[in-house]
Amino acid sequence: MEIELVKCECCGLKEDCTQDYISEVKAKFDGKWLCGLCSEAVRDEVNRGKKPYCLEEAVKAHMSFCRKFKSNPAVRVADGMRQMLRRRSGEMSSSPSSSKKYTRSGSTSQVGDDSSFHLY
C-alpha cells in the first residue's frame with residue numbers, strides 16, 4: 001500500500017493518503033482532491049436549505065471561499081471545524097429528539113478540579 005502526499009485543491013492542506021483513497025475522493029468531487037473538512041463543507045453546501053447547489057457549484061463556491069483567506073491552512077481548518085460544529089449543533093438543538101442539553105457543573109475553574117458535565 002503506497003502512501004502519497006496530496007494537497008487539497010480548496011484550502012491547500014497537505015495529507016498523506018493511500019492512492020485508493022485519493023482516487024475515491026477525486027471520483028466524488030469531479031476529479032478534484034479535497035481534504036476531509038472541505039469535503040464536508042461541500043456536502044453541507046449541497047444539502048443546505050434555501051438554495052441547494054449541485055456538486056460542481058458547491059465545489060466552486062467552496063474553492064472561492066478558501067481563496068479569500070490566505071492564512072495558514074491549519075488556522076482555516078480550525079475555523080472551518082468551529083463553523084461546522086456550530087452549524088451541526090444548531091441542527092441538533094432544533095430536532096425534536098434532542099431535548100437533552102449538556103451543561104457545566106457549578107465549578108468555574110478550568111483544569112485540575114473535579115468539575116464535570118451533566119446530561120439533563
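Here is a short report on the structure shown in this document. (Residues numbered from 1 in each chain as written. Predicted model: local features only at pLDDT ≥ 70, side-chain atom pairs only at ≥ 80, totals over all residues. Heavy atoms only, no water.)

**Thoughts on the overall build of the chain**
Okay, so step 1: The number of helices and strands found in the chain is four helices and four strands.
Okay, so step 2: When the elements of the chain are put in sequence order from the N terminus, they spell out β-β-α-α-α-α-β-β.
Okay, so step 3: A separation threshold of at least 6 residues defines the contact pool for the chain, and within that pool the share at least 24 residues apart is 33%.
Okay, so step 4: Accessible surface, the chain as shown: approximately 8800 Å² in total, 54% of it carbon and sulfur. (Helix = DSSP H or I, 4+ residues; strand = E, 2+ residues; numbered from the N terminus. Contact = heavy atoms within 4.5 Å. Areas by Shrake-Rupley, 256 points an atom, 1.4 Å probe, with all protein chains shown as cover.)

**Some remarks on the nonpolar core**
Okay, so step 1: Core analysis: the biggest nonpolar cluster contains 19 residues, and Cys 8, Cys 10, Trp 33, Leu 34, Cys 35 and Cys 38 have the highest contact counts within it.
Okay, so step 2: Counting residues per element, the ones that place at least two in this core are α1 (19-28), α2 (36-47) and α3 (55-68).
Okay, so step 3: Apart from residues lying up to four places away in sequence, Trp 33 is in contact with Val 6, Lys 7, Cys 8, Glu 9, Leu 13, Glu 15, Cys 17, Tyr 21, Ile 22, Val 25 and Lys 26. (Core = buried A, V, L, I, M, F, W, Y, C linked by side-chain atoms within 4.5 Å. Buried < 20%, exposed > 50% of the residue type's maximum accessible area, 1.4 Å probe, protein only.)

**Re the environment of Leu 13**
Okay, so step 1: Within the fold, Leu 13 resides in the loop between β1 (3-7) and β2 (14-18).
Okay, so step 2: Sequence separation of Leu 13 and Leu 37 is 24 residues, and the distance between their C-alpha atoms is 9.8 Å.

**Quick word on the pattern of salt bridges**
Okay, so step 1: Scanning the model with the defined rule gives six salt bridges in all.
Okay, so step 2: When the shortest N-O distance is used, the salt bridge between Glu 24 and Lys 28 registers 3.6 Å. You can see Glu 24 and its partner Lys 28 sitting in helix α1, four residues apart, about one turn around the helix.
Okay, so step 3: Residue Arg 87 pairs with Asp 44 through a salt bridge whose shortest N-O separation is 3.0 Å. Here Arg 87 is found in helix α4 (residues 73-94), whereas its partner Asp 44 is found in helix α2, with 43 residues between them in sequence. (Salt bridge = Lys/Arg side-chain N within 4 Å of Asp/Glu carboxyl O.)

**Regarding the packing of α2 against α3**
Okay, so step 1: It is the contact of α2 with α3, at a shortest axis distance of 9 Å, that shows an interaxial angle of 125 degrees. Classified by the interaxial angle, the pair formed by α2 and α3 is oblique. Note on packing geometry: the crossing formed by α2 with α3 is right-handed. Taking contact as the criterion, the partners of Cys 38, Ala 41, Val 42, Glu 45 and Val 46 in α2 are, on α3, Leu 55, Ala 58, Val 59, His 62 and Cys 66. (Axes fitted to C-alpha atoms, helices over the stretch in contact; angles between N-to-C directions. Parallel < 35°, antiparallel > 145°, perpendicular 65-115°, else oblique. Left-handed = near helix turned anticlockwise from the far one by under 90°.)

**What about the pairing of β2?**
Okay, so step 1: Bridge count between β1 and β2: five bridges; the pairing is antiparallel. Counterpart to Leu 5 in the pairing with β2 is Asp 16.
Okay, so step 2: Hairpin geometry of β1 and β2 is characterised by an intervening segment of six residues between the two adjacent antiparallel strands and by a positive phi of about 90 degrees at Gly 12. (Pairing = 2+ DSSP bridges.)

**A short note on the side chain of Asp 44**
Okay, so step 1: Under the relative-accessibility criterion, Asp 44 is labelled buried at 14%.
Okay, so step 2: Among all residues touching Asp 44, those that are not within four sequence positions of it are Met 84, Arg 87 and Arg 88.

**Considering α2**
Okay, so step 1: With twelve residues, α2 ought to run about 16 Å at 1.5 Å a step, and its terminal C-alpha atoms sit 17 Å apart, in line with that.
Okay, so step 2: For α2, every residue scored as buried is listed here: Leu 37, Cys 38, Ser 39, Val 42, Asp 44 and Glu 45. (Expected span 1.5 Å × (residues − 1).)

**Here we look at the side chain of His 62**
Okay, so step 1: Position of His 62 among the secondary structure elements: in helix α3.
Okay, so step 2: What His 62 contacts, discounting residues up to four positions off in sequence, is Cys 10, Cys 38, Ala 41 and Val 42.

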